[in-house]
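So you can see what is in the structure, the chains are spelled out below.
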Amino acid sequence: MGLYKLFSTNVEIQYKSCLLSKATLFTLITTLLTIILPFLIAHRSRGFWLRTHNFYEHPVIHYPYEYILVAETDDPSQPIVCSEAAVLNQEIFVGEENCVEIQAQEYDFNDDGKADALEFNFHLMIPQERTISSVIAMLALDFQLETVCPLHMQSLAFIQKSFTVPPSGLKYYGDIEFYQTVHLPCLRNIVDKKYNSSLMSYFRSSSENIVDFIMVNYFQRDSML
Ligand SMILES: *[C@@H]1O[C@H](CO)[C@@H](O)[C@H](O)[C@H]1NC(C)=O
């Protein structure tokens, strides 16, 4: 036999206590914790189930005084090579005496302790009978991230310019861009220094072109993960 609902009402029970009592304080604290705790946990864990995350940081860039400058002349067998790099230290180059002066300077415009601009000046003495047809400059850069994903690595800036008419000089202005090809491990308080070895100090066994040699090693570094 089915039952028929005749009437229903909610029973509300109210517990009361004066404003300044231990019970009120307890309720207040637990209420606040219920609201704040999830935020704290989410913040400390950098988000639950986080797969990708972007952040912006002005990196610390220093110039570690390693470079290679190759100036091709109209005689391809006689390039002018200037360098300050371990990979070349054992070798004597034809034309090395033509590298007269090298200056490097770091500028910090807003005084935040991080360099905002780097300036390099190379002065070459070109033999009378030669003209420069192209210039390749490879500059080592020491790159550091400090906040979210501590990272310290050696990187490379590459400048290449060919001339159709004999130049008297080259002025090159550029932004340094950081290409990231893989996710950073982002371990808290652990500096990632996997790539913190000089790019210009590989052991070179063959007599292959120095620029190609460094570039090949640089790009292999990415694929060696
Ligand atoms: C990274 O390498 C540079 C130069 O070799 C060195 O001064 C620095 O201490 C290294 N950084 C770390 C975190 O090991």
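Rules and cut-offs
Residues numbered from 1 in each chain as written. Predicted model: local features only at pLDDT ≥ 70, side-chain atom pairs only at ≥ 80, totals over all residues. UniProt positions renumbered as here; feature names shortened; annotations may be inferred. Helix = DSSP H or I, 4+ residues; strand = E, 2+ residues; numbered from the N terminus. Buried ≥ 20, exposed ≤ 12 C-beta atoms within 10 Å, placed from the backbone. Contact = placed C-beta atoms within 7 Å. Core = buried A, V, L, I, M, F, W, Y, C linked by C-beta atoms within 7 Å. Expected span 1.5 Å × (residues − 1). Bend = angle between axes of the 7 residues up to and from the residue. Near = placed C-beta within 6 Å. Nonpolar A, V, L, I, M, F, W, Y, C, P; charged D, E, K, R; others polar. Pairing = 2+ DSSP bridges.

As annotated in an unreviewed UniProt entry, the protein is Transmembrane protein 231 from Diatraea saccharalis. Here the protein is described in UniProt, under the heading Sequence similarities (unreviewed entry), as follows: "Belongs to the TMEM231 family." Per UniProt, the protein has the following entry under Subcellular location (unreviewed entry): "Cell projection, Cilium membrane".

Caption draft 1: Seen up close, the overall build of the protein. Across its full length, the protein holds two helices and seven strands. Ordering the α and β elements of the protein from the N terminus gives α-β-β-β-β-β-β-β-α. Counting only residues that meet the buried cut, the protein has 12% of its 225 residues in that class. If you take every contact in the protein between residues at least 6 apart in sequence, the share linking residues at least 24 apart comes to 59%.

Caption draft 2: Quick peek at the nonpolar core. With 18 residues, the main nonpolar core has Tyr67, Ile68, Leu69, Ala71, Ala137 and Met138 as its most contacted residues. For this core, the secondary-structure elements that each account for two or more residues are strand E2 (67-73), strand E3 (80-84), strand E6 (132-145) and helix H2 (210-223). No other element matches the six residues that E6 contributes to this core.

Caption draft 3: Quick peek at helix H1 (residues 22-44). For H1, spanning 23 residues, the distance from its first C-alpha to its last is 31 Å, which sits close to the expected 33 Å at 1.5 Å a residue. At Ile36, H1 shows its maximal bend, which comes to roughly 35 degrees, and the proline Pro38 appears one to four places after that position. Within H1, only zero of the 23 residues are buried, which leaves the element largely exposed.

Caption draft 4: Seen up close, the site of the ligand. Surrounding the ligand, one finds His152, Val191, Lys193 and Asn196. Classifying every residue of the shell around the ligand gives one nonpolar, two polar and one charged.

Caption draft 5: Local environment of the pairing of strand E4 (residues 99-107). A small share of E4 lies buried, amounting to zero of its nine residues. By the bridge criterion, eight bridges tie E4 to strand E5 (residues 117-124) in an arrangement that is antiparallel. Note on E5: the bridge partner recorded for Gln103 is Asn121.

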